[in-house]
Amino acid sequence: MPSTEEPDIKSGFRFPSAFTILFALIVLVAVLTWIIPAGQYERVASEALGKDVPVAGTYAPTDAAPQGFFDVILAPIAGFYDPVEYVARAIDVSLFVLIIGGFIGVVTRTGAIDAGIARAMVRLKGRENWMIPILMALFALGGTTYGMAEETLAFYVLLIPVMIAAKYDALTAVAVILLGAGVGVLGSTVNAFSTVIASDAAGISFADGLVLRLIILVVCWGVTVAFVMRYAAKVRADPTKSLVYDRQAANEAHFLAETPSENVGFTVLHKIVLILFALTFGVMIWGVSIGGWWMAEMSGLFLAAAIVIGIVARLGEGKLVEAFVNGARDLLGVALIIGLARGIVVVMDAGMITDTILHAAETSVAGLSQTAFILVIYWVQVGLSFFVPSTSGLAVLSMPILAPVADFAGVKRELVVTAFATASGMVNLITPTSAVVMGGLAIGRVPYERWLRFVWPLLLVLTVIVMAALALAVLFGAPA
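Reference entry: report on the structure contained in this document.

## Looking at the overall build of the protein
And then number 1: Each helix and strand in the protein was counted, giving 20 helices and four strands.
And then number 2: Along the first, second and third principal axes, the C-alpha atoms of the protein reach 70 × 50 × 50 Å.
And then number 3: Within the protein, buried positions represent 54% of all 480 residues.
And then number 4: Only carbon and sulfur atoms are counted for the fraction: they give 67% of the accessible area of the protein, which is about 20400 Å².

## Digging into the packing of aromatic side chains
And then number 1: Per the stated rule, a full pass over the model turns up 12 aromatic pairs.
And then number 2: Centre to centre, the rings of Tyr 378 and Trp 379 are 5.3 Å apart; their planes meet at 80 degrees, and the pair counts as edge-to-face.
And then number 3: By relative accessible area, Tyr 378 is classed as buried at 0%.
And then number 4: Residue classification places Trp 379 among the partly exposed residues on the basis of a relative accessible area of 44%.
And then number 5: With a centroid separation of 5.5 Å and 40 degrees between ring planes, the pair formed by Trp 451 and Phe 454 is classed as tilted. You can see Trp 451 and its partner Phe 454 sitting in helix α20 (residues 448-476), three residues apart, about one turn around the helix.
And then number 6: By relative accessible area, Phe 454 is classed as buried at 4%.
And then number 7: Here the aromatic cluster, defined as three or more aromatic residues joined through ring pairs, consists of Phe 96, Phe 103, Phe 277 and Phe 302.
And then number 8: The ring of Tyr 168 has Arg 236 sitting right over it, with the charged end atom 5.5 Å from the ring centre.

## A word on the nonpolar core
And then number 1: Counting residues in each nonpolar core, the largest one holds 153 residues, and the members touching the most others are Phe 103, Leu 179, Phe 302, Phe 373, Ile 374 and Trp 451.
And then number 2: Here the element with the most residues in this core is α20; it accounts for 13 residues.
And then number 3: Those residues in contact with Trp 451 that lie beyond four places of it in its chain are Leu 171, Val 174, Ala 175, Leu 178, Leu 179, Leu 429, Ile 430, Leu 441 and Val 446.

## Side note on a nonpolar patch on the surface
And then number 1: On the surface, Phe 23, Val 27, Val 31, Trp 34, Ile 35, Phe 69, Phe 70 and Ile 73 cluster together into a nonpolar patch covering about 870 Å² of accessible area.
And then number 2: Among the secondary structure elements, those contributing two or more residues to the nonpolar patch are α1 (18-35) and α2 (69-80).
And then number 3: Counting residues per element, the nonpolar patch draws most heavily on α1, at five residues.
And then number 4: Position of Ile 73 among the secondary structure elements: in helix α2.
And then number 5: Overall, the relative accessible area of 41% leaves Ile 73 in the partly exposed class.

## Focus: the packing of helix α16 (residues 370-387) against α20
And then number 1: Close contact between α16 and α20 brings their axes to 9 Å; oriented N to C, the two are set at 145 degrees. Two packed elements cross with a definite hand, and for α16 against α20 that hand is right-handed. The residues of α20 that touch α16, namely those facing Gln 370, Thr 371, Ile 374, Leu 375, Tyr 378 and Trp 379, are Thr 463, Val 466, Met 467, Leu 470, Ala 471, Val 474 and Leu 475.
And then number 2: Taken together, the residues of the contact of α16 with α20 sort by class into 10 nonpolar, three polar and no charged.

## Structural notes on unusual backbone geometry
And then number 1: Of note in this structure, Met 352 is not a glycine but carries a positive phi near 60 degrees.
And then number 2: Using a relative accessible area of 22% as the deciding quantity, one classes Met 352 as partly exposed.
And then number 3: One non-glycine residue with positive phi stands out, namely Arg 445, at about 60 degrees.
And then number 4: Structurally, Arg 445 can be placed in the loop between α19 (435-444) and α20.
And then number 5: Judged by its relative accessible area of 29%, Arg 445 is partly exposed.

Basis of the calculations
Residues numbered from 1 in each chain as written. Predicted model: local features only at pLDDT ≥ 70, side-chain atom pairs only at ≥ 80, totals over all residues. Heavy atoms only, no water. Helix = DSSP H or I, 4+ residues; strand = E, 2+ residues; numbered from the N terminus. Buried < 20%, exposed > 50% of the residue type's maximum accessible area, 1.4 Å probe, protein only. Areas by Shrake-Rupley, 256 points an atom, 1.4 Å probe, with all protein chains shown as cover. Phe/Tyr/Trp six-rings, centres within 6.5 Å; stacked < 30°, edge-to-face > 60°. Lys NZ or Arg CZ within 6 Å of the ring centre and 35° of its normal. Core = buried A, V, L, I, M, F, W, Y, C linked by side-chain atoms within 4.5 Å. Contact = heavy atoms within 4.5 Å. Patch = residues over 30% accessible without salt bridge, like charges linked within 9 Å, V, L, I, M, F, W, Y side chains within 5 Å. Salt bridge = Lys/Arg side-chain N within 4 Å of Asp/Glu carboxyl O. Axes fitted to C-alpha atoms, helices over the stretch in contact; angles between N-to-C directions. Left-handed = near helix turned anticlockwise from the far one by under 90°. Nonpolar A, V, L, I, M, F, W, Y, C, P; charged D, E, K, R; others polar.

Structure (C-alpha cells):
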C-alpha cells in the first residue's frame, strides 16, 4: 500500500504548496513595480463592451507607484475585494466554491453518490474509457460557446470519485475537466467572454475567422482526448505509472470514504437525490449560457438545491447543517487560493506596470513580415496572459492596441483575435495566476509541479498546431 506522505520529503526537497507559489509571485510582481517604469494609456468608454478601453498610440509615462511591504500583505485581501471602494473581485468565486462544497457535502451525506458510483461502475464495466471523450466533448462545448471556466469547479468533486472507482486516478479526472473545458476556450468559436469581446474591441464581427477557430478546436480537441486517454489507459493497466501514485491511498480515503461496492443498494431515494443533483447542474448551465447568471445566482442555486435535497432525504436540520458546513470546510483551502491568485493582478495594476507591459508588446511587432507578425502576436499574447488570466480582461486591454497594428502589417484583424484566443486559452491551462487552474488542482489534490510534468508534452503539440494554423492562414488566406 503506498504511503500517504509526500514523496518529496524522502529526497530532501518538498515542492512549495500552491499558497507559497502564489505569494512568491505577489512578491515578485511587487519587486517588478520598482523596476518596470510606470505608464498608462488614455482610455475611452465603450458602450458595446461596457468598459473603458485603451487608445492605441496614447501611452505615456506616469508617476511611479511601487508596491511595498504593506501592499504585498494586503494583496491577498485585495484579491477578494477592493478594501478602498469595497468592490468585489474574487470574493464571489470563493463564496461560490464554499457553497459548492456545502452542496456536495449534503448530497454525499444522503449516500446517493456512493450508490450512484457503484451502479455506474456496474453499467460501464469494460467501457469505462468512453467516459473520457464524452465528458471532454461536453466540457469543450461549454468552453467554446460560453467560456466555461469557473463553473467547472463544481464538477471536480463529482467526477473524481467516479474516475478513482473506475481504477483511474485523480489526475485523470482533473485532466478531463480542466483540459476539456480549456481546449474549448483555446478554440473559442463564439465564446462571448473571449472571441466576441475581442472581436468587438478589434472592430470586426465575431463571425470573422470562425472557420479557422473551428478547425483549431476540432484538431486540438482530438489531440487532447488522445493524450488523456493514453495516460488513463496506462494508469489503469499499471497504477504505479500514475503521477500521483504516492497519494493513491490518501485520495481513495478522501474521495471514497467508503469505496462503493457493486452490492450497494440503489434506492428510489438515491435516484431522486441524483436526479435533483443533475438537474441543479443543468439549471446552472442554462442560467450561465442563456439566463445571464453569474456567481451570485449560481451560489443561490446550489444553496437552495442543498436545502431541497436535505429535506427530500429527511436529514433533519442538525445533520443538514453539519453536512453543509463540513462540505464547505473541505473546500476552504481552494477558496483562499482563488483570492491569493487574484492578488497578483491587483499588485500589478496598482503598480501601474500593466500598460507598460502592453506598450512593450505593441512596439515589439513593428516592421515584421506577415507570418512573423502573427506568430510574434501569438507569443506576445501568451506573455500577457500570464499577467492577465481573465480572457475578457485581456481582450479589452490588448485588442484596441494590437488590432490596429495588424493593418500596417497587412494581416487581417480576425487573425489577431484568433491568436489572442488561442494564446489565452493555452496559458490558462497552466498559469498559477488562474483561480480555475489552482482551484481545480487543489480540489483534485494534484500538486502544481505534477500537473506541469503531466501537461507539458501536450502543450508543446498544441502550440505547434496553433502556430502552424496561424502561419498557414497568413500564407494562404484565412478561411472566413
